[in-house]
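Architecture at a glance
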Amino acid sequence: MAWTTRAAALLFLLLLLQQSSVFSWKKDEFRNCNQTPFCKRARSRKAASCSLVATDVSMNDGDLTAKLVPKNSGEAMAGGETNEEPEEPSKPLILTLSAYQDGILRLKIDEDPNLDPPKKRFEVPDVVLPEFDEKKLWLQRASTEVLHGDSAPSSILFLSDAYEAVLRHDPFEVYVRKKGGDRVLSLNSHGLFDFEQLRNKKEYEDWEERFRSHTDTRPYGPQSISFDVSFYGADIVYGIPEHASSLALMPTRGPGIEFSEPYRLFNLDVFEYLHDSPFGLYGSIPYMLSHGKVQGTSGFFWLNAAEMQIDVLGSGWDSESGIVLPSSLNRIDTLWMSEAGIVDAFFFVGPGPKDVMRQYASVTGTLAMPQHFATGYHQCRWNYRDEEDVEHVDSKFDEFDIPYDVLWLDVDHTDGKKYFTWDRVLFPHPEEMQNKLAAKGRHMVTIVDPHIKRDESFPLHKEATQKGYYAKDASGNDFEGWCWPGSSSYPDMLNPEIRSWWAEKFSFHNYVGSTPSLYIWNDMNEPSVFNGPEVTMPRDALHYGGVEHRELHNAYGYYFHMASIDGLLKRGDGKDRPFVLSRAFFAGSQRCGAVWTGDNSADWDHLRASVPMLLTLGLTGMSFSGADVGGFFGNPETELLVRWYQLGAYYPFFRGHAHHDTKRREPWLFGEQNTELMRDAIHIRYTLLPYFYTLFREANTSGVPVLRPLWMEFPSDEATFSNDEAFMVGNSLLVQGIYTERAKHVSVYLPGGQSWYDLRTGIVYKGGVTHKFEVSEESIPAFQKAGTIVPRKDRFRRSSTQMVNDPYTLVIALNGSLAAEGELYVDDGKSFEFEQGAYIHRRFVFSDGKLTSSNMAPPTSGKAFFSSECVIERIIILGLSSRAKSALIEPVNYRADVVSGPLSLRGRRSPAALTIRKPNLRIADDWTVKML
């Protein structure tokens, strides 16, 4: 068609999409399993359909290797697709088993490169840590064992003193078991393994796939992989984000389960998503955990960035198979299906929840340590109109005594939606605007998305075109799609050279108008393509090295996030910790920064859904996560907005955000009483920043998330296994949301083993019991676990930056033994010097009427040092019946007063709280406080 006609059609499409974005999610715009051939084929296979056996088993370079071939040589190895002629015999697959420290097993299955496949199948780069290979166990031999009922031997591989891996030769199966005992995890126990090998197209074959108006050329034909994975001793399985569903993954197939869909992992731009659905959203992490009271916790991770569908199989799904697995334990079976890639799978044996978190983190990395300011409150709207609007909003936070740290600008701050630019009419003085915020210790975030406006006057587009840096379409031309700027192209972020080029765009020279206090937001990086199939890039688009988009789709946003992070690192000469929020994510994204749950809605269901979504993200490494407070779409009723602030104050990433079609909803716009309630919620967050920052450091070192499901801290308490209305913040605080309008009462289960203290009143409650509480508009239920010590800062400031030198409060919640312990981590909040030991890390222990502070930091080499003059100005003790009047502080031999007092500076008195006033203890020192 003529250019003008084509442009008009695309403009109409854009307007239609923008208009439709205010309506609800439309099911028919996205594929279901029956419309996805690889998923439909995999689901149709019966148990025991796999005929593969392992042959030529040997040890090579510390690995166990084998060939997988059909048991009867005349059989095809893979199901493939039904054709008019018999399928040609498949070539042997190559299997490799590798053992790593901490009991981790890695399984790889791929085509044999020596047998000349049409192309190399894609292996996802830059996810597994380089140092993980250093943890490989170079095993010299495998033992053999004839398992019960088998005629052929199996190969046994050492994993650890407690675990071993088993390769069953005939039929082919891989599993991990306790030494000489029960199974933990297995693959292909039900014979559902299928590997569609690449081959040359026959004349009569039609490999194209069609969905709505889109055609996928599929030049390499069917190339999917599927297999079953079983979790033994499992009561419940979790993980595989991102879905707006319950924390515990529900069965999707089996007796009595009809018309259900698998959990889909396919990064998509979905607005106003359904709140209880297995449908895939913005990010994908193909990692599942199981937990059971008897066996503990285990995990399975498949490193594969193609579309994936995962079934959780209900009890009795295999009743007709005749397969009897050798285990008396509970078992949960799952079916994993992917469109492309290879098998690159990791088995994590636990046995405890935090063991599995550590094991997964050793493969994909831990959370990047955020800047301190990023842990405060963020204020965002699409869009703050101009510099006057920015200044007005900033001043109102001060006027109403509401702290915040970051103000955000969406796409409309740019010149014609060209990123790294400013609309010089609306934002004529961007440096001055940012510097005014920085003078108060505040920061700004601007949006940078992957779609680059195809405008010959735009230097970024011109340079990308000249250098050939865009992803290509199936014909090899620059891919052209439609997004906010109109006609757009997308950098090929799989290419390290292009990521490096992109990173240079964040320099102060290239990003004119940016300052050191400006940070970045990556949106639409699934990537979103308005006129693409399912609003994303076509699967047959091409990337670096001839990789098809279908093979890396779920990782594109990760590579874009990575490039933006590198840009801020370069901008700061490697000295400034970057902050980049991303919507799309993949395994390893935790090493880059924060994510959020996307375009939610202002309704109670989405408030409720935010908790299991964030808990699941934490379980799969993405600990720095949050949901838009108030809901992005729609206008929240005031009660909902208040409840969302009260809950959001405990999210790891705490941001208020709204669509440009919604009414303004800054906290001071809803009347004095509601402003006070929202202000109190934000103040709670700032009070707890020392505790949150300490937890972020724990996530940075161990992989254990900031926000935790109750069962992570109480792994033997079955009442916690499915609970996703409440959550733990670290190991000390339990928070229960209020998810219904005009609620009068709320039931809260407090896990057993310890008592719990109300965070506001100090009143103690018994654990192991469900308590019914009257609902107060002032707050949501929150409790501190007995036996813990929580550090706080109780002074109220404009921003976290202005709190740096403020004194601390320690809240000691004593258990039945009148003991408690806790930690405090402090560094400069912005640089990487903490990696060279420049930090303070203290351990506090209260026992026998005495509080002791000791150093947890290892000795440093002297390359970096951090000091602080901050002191502890109050010590609050809950659960001590002693009538002590004073406390002796050693080694300075100083007596401090002990009085009954409130839990907070603005709170009412608590009969259960004793306060040691002004002990003035330096946080960096060793000291002891003894009650007298």
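**With respect to the overall build of the protein**
From N to C terminus, the protein includes 14 helices and 52 strands. Compactness check: the protein gives a C-alpha radius of gyration of 28 Å against a globular reference of 30 Å for 932 residues, within 12% of the reference. For the protein, the proportion of contacts with a sequence separation of at least 24, taken over those separated by at least 6, is 73%. On the protein, roughly 34,200 Å² of surface is accessible, and the fraction owed to carbon and sulfur atoms is 49%. Charged side chains of the protein number 98 positive and 124 negative; the gap between the two group centres comes to 5 Å.

**Notes on helix H11 (residues 638-648)**
Most of H11 is tucked away, with nine of its eleven residues classed as buried. The set of residues buried in H11 consists of Leu640, Leu641, Val642, Arg643, Trp644, Tyr645, Gln646, Leu647 and Gly648. Looking at the buried side of H11, the elements it contacts are strand E22 (377-379), helix H10 (604-619), strand E34 (654-656), helix H12 (672-687), strand E36 (726-729) and strand E37 (733-736).

**Some thoughts on the state of the cysteines**
Scanning the model with the defined rule gives one disulfide in all. Cys50 carries a free sulfur, and the closest cysteine sulfur to it, the one in Cys39, is 19 Å from it. Take Cys50: its relative accessible area is 14%, and that puts it in the buried class. Between Cys380, a cysteine without a disulfide, and Cys483, which holds the nearest cysteine sulfur, the sulfur-to-sulfur distance is 17 Å. By relative accessible area, which is 2% here, Cys380 ends up buried.

**Remarks on the pattern of salt bridges**
Under the defined criterion, the tally for this structure stands at 77 salt bridges. Close ionic contact of Glu111 with Arg121 constitutes a salt bridge, the shortest N to O distance being 2.9 Å. Residue Glu111 is located in strand E4 (residues 104-111), and its partner Arg121 is located in the loop between E4 and strand E5 (136-137); the two are separated by ten residues in the primary sequence. Judged by relative accessible area, Arg121 falls into the buried class, the value being 2%. Salt bridges sharing partners connect three or more residues here, namely Arg31, Glu209, Asp216, Arg218, Arg264, Glu307, Glu339, Glu534, Arg539, Glu548 and Arg550.

**Details of the pairing of strand E49 (residues 886-890)**
Burial analysis of E49 places four of its five residues in the buried class, the great majority of the element. For E49 and strand E50 (residues 894-902), the ladder comprises four bridges, and the chain directions are antiparallel. If you follow Leu888 over to E50, its bridge partner there is Arg895. Between E49 and E50, which pair antiparallel one after the other, the connecting turn spans three residues, and Asn893 there sits at a positive phi close to 55°. The sheet contact formed by E49 and strand E52 (residues 927-931) spans four bridges and is antiparallel. Pairing of Ile889 across the sheet is with Val929, part of E52.

**So, the packing of aromatic side chains**
Scanning all chains against the criterion turns up 57 aromatic pairs. Both rings, one in Tyr238 and one in Trp711, keep their centres 4.7 Å apart while their planes meet at 20°; by these two values the pair is stacked. Of the two residues, Tyr238 sits in strand E15 (residues 236-239) while Trp711 sits in helix H14 (residues 710-713), which places them 473 residues apart along the sequence. When the centroid spacing of 6.2 Å and the interplanar angle of 75° are considered together, the rings of Tyr273 and Tyr282 count as edge-to-face. Here the two residues Tyr273 and Tyr282 agree in accessibility, since each one is buried. Feature note: the residues Phe373, Trp408, Tyr519, Trp521, Phe579, Trp596, Phe624, Phe653 and Phe696 constitute an aromatic cluster, connected by ring pairs.

**A look at helix H3 (residues 353-364)**
Helix length check: H3, at twelve residues, gives a terminal C-alpha distance of 17 Å against a target of 16 Å (1.5 Å per residue), a fit within 8%. In terms of residue burial, H3 counts as a mostly covered element, since nine of its twelve residues are buried. Among the residues making up H3, those that are buried are Pro353, Val356, Met357, Gln359, Tyr360, Ala361, Ser362, Val363 and Thr364. Following H3 by one or two positions, Gly365 has its phi on the positive side, about 105°.

**Notes on the sheet that holds strand E26 (residues 481-483)**
The strand order E25-E27-E26 describes an open sheet built from three strands, whose pairing is antiparallel. The open sheet has two edge strands with one neighbour each: strand E25 (452-453) and E26. Bridge count between E25 and strand E27 (residues 486-489): two bridges; the pairing is antiparallel. From the neighbouring strand, Lys453 faces E27, where its bridge partner is Ser488.

**Here we look at the packing of H11 against H12**
Following both chains from N to C, one finds H11 and H12 inclined at 15°, their axes separated by 8 Å at the closest point. Classified by the interaxial angle, the pair formed by H11 and H12 is roughly parallel. The element H11 and its partner H12 pack so that their crossing is left-handed. On the side of H11, the interface is formed by Thr638, Leu641, Val642, Tyr645, Gln646 and Gly648, while H12 contributes Asn674, Leu677, Met678, Ala681, Ile682 and Arg685. In terms of residue class, the contact of H11 with H12 is built from seven nonpolar, four polar and one charged.

**Comments concerning the confidence of the model for the protein**
Mean pLDDT over the protein works out to 93, with 94% of the residues at or above the 70 mark. The low-confidence segment residues 74-79, where pLDDT is below 50, has 24 contacts with residues more than four positions distant or belonging to other chains. In the model, residues 82-86 has pLDDT below 50 throughout and makes five contacts with residues more than four positions away in sequence or in other chains.

**Some points on unusual backbone geometry**
Keep in mind that most residues, glycine aside, have a negative phi and that most peptide bonds are trans. At the junction of Pro241 and Glu242, the peptide bond is cis and its omega measures out at 20° in the coordinates. By the element assignment, Glu242 lies in the loop between E15 and strand E16 (263-265). In this structure, Pro351 follows Gly350 across a cis peptide bond, with omega equal to 10°. Counting through the fold element by element, Pro351 comes out in the loop between strand E21 (343-348) and H3. Backbone geometry at Asp573 places phi at a positive 55°, although glycine is not the residue there. Here Asp573 lies in the loop between helix H9 (556-571) and strand E31 (580-582). Its relative accessible area of 64% is what places Asp573 among the exposed residues.

**Some words on the sheet that holds strand E35 (residues 707-708)**
Read from one edge to the other, the open sheet built from six strands follows the order E35-E36-E37-E42-E39-E40, with strand pairing classed as antiparallel. A single partner strand is all that each edge strand has here, and the edge strands are E35 and strand E40 (764-765). Pairing of E35 with E36 involves two bridges; the strand directions are antiparallel. Directly across from Arg708, in E36, lies its bridge partner Met728.

**Structural notes on the environment of Ala782**
Counting through the fold element by element, Ala782 comes out in strand E42 (residues 782-785). Measuring from C-alpha to C-alpha, the distance between Ala782 and Ser601 comes to 25 Å, with 181 residues separating the pair along the chain.

**Quick look at a negative patch on the surface**
There is a patch of like negative charges on the surface, built from Glu672, Glu676, Glu777 and Glu778. Topologically, Glu777 is positioned in the loop between strand E41 (769-774) and E42. Classification of Glu777 by relative accessible area gives partly exposed; the value is 43%.

**Structural notes on the environment of Asp717**
Relative to the elements of secondary structure, Asp717 occurs in the loop between H14 and E36. For the pair Asp717 and Val127, spaced 590 residues apart in sequence, the C-alpha separation works out to 34 Å. Apart from the residues within four sequence positions on either side, Asp717 is in contact with Tyr749, Pro751 and Gly752. Within the structure, the side chain of Asp717 is placed 3.4 Å from the backbone nitrogen of Gly752, a separation counted as a polar contact.

**So, the pairing of strand E3 (residues 93-100)**
Residues in a regular strand project their side chains so that they alternate between the two faces of the sheet. With seven of eight residues buried, E3 lies mostly within the body of the structure. Taken together, the five bridges between strand E2 (residues 63-70) and E3 define a ladder with antiparallel strand orientation. Following the sheet pairing, Thr65 is matched in E3 by Thr96. As paired elements, E3 and E4 share eight bridges and run antiparallel to each other. By the bridge assignment, Tyr100 is partnered in E4 with Ile104. Hairpin geometry of E3 and E4 is characterised by an intervening segment of three residues between the two adjacent antiparallel strands and by a positive phi of about 70° at Asp102. Of the pairings in the sheet, the one linking E3 to E5 comprises two bridges and is antiparallel in character. Its bridge partner lying in E5, Tyr100 is registered against Lys136.

The rules we used
Residues numbered from 1 in each chain as written. Predicted model: local features only at pLDDT ≥ 70, side-chain atom pairs only at ≥ 80, totals over all residues. Heavy atoms only, no water. Helix = DSSP H or I, 4+ residues; strand = E, 2+ residues; numbered from the N terminus. Rg over C-alpha atoms; globule rule 2.2 N^0.38 Å. Contact = heavy atoms within 4.5 Å. Areas by Shrake-Rupley, 256 points an atom, 1.4 Å probe, with all protein chains shown as cover. Lys, Arg positive; Asp, Glu negative; His and termini not counted. Charge placed at Lys NZ, Arg CZ, Asp CG, Glu CD. Buried < 20%, exposed > 50% of the residue type's maximum accessible area, 1.4 Å probe, protein only. Disulfide = S-S within 2.5 Å. Salt bridge = Lys/Arg side-chain N within 4 Å of Asp/Glu carboxyl O. Pairing = 2+ DSSP bridges. Phe/Tyr/Trp six-rings, centres within 6.5 Å; stacked < 30°, edge-to-face > 60°. Expected span 1.5 Å × (residues − 1). Axes fitted to C-alpha atoms, helices over the stretch in contact; angles between N-to-C directions. Parallel < 35°, antiparallel > 145°, perpendicular 65-115°, else oblique. Left-handed = near helix turned anticlockwise from the far one by under 90°. Nonpolar A, V, L, I, M, F, W, Y, C, P; charged D, E, K, R; others polar. pLDDT = per-residue confidence, 0-100. Patch = residues over 30% accessible without salt bridge, like charges linked within 9 Å, V, L, I, M, F, W, Y side chains within 5 Å. Polar contact = N/O pair within 3.5 Å; in protein donor to acceptor, adjacent residues only side chain to side chain.

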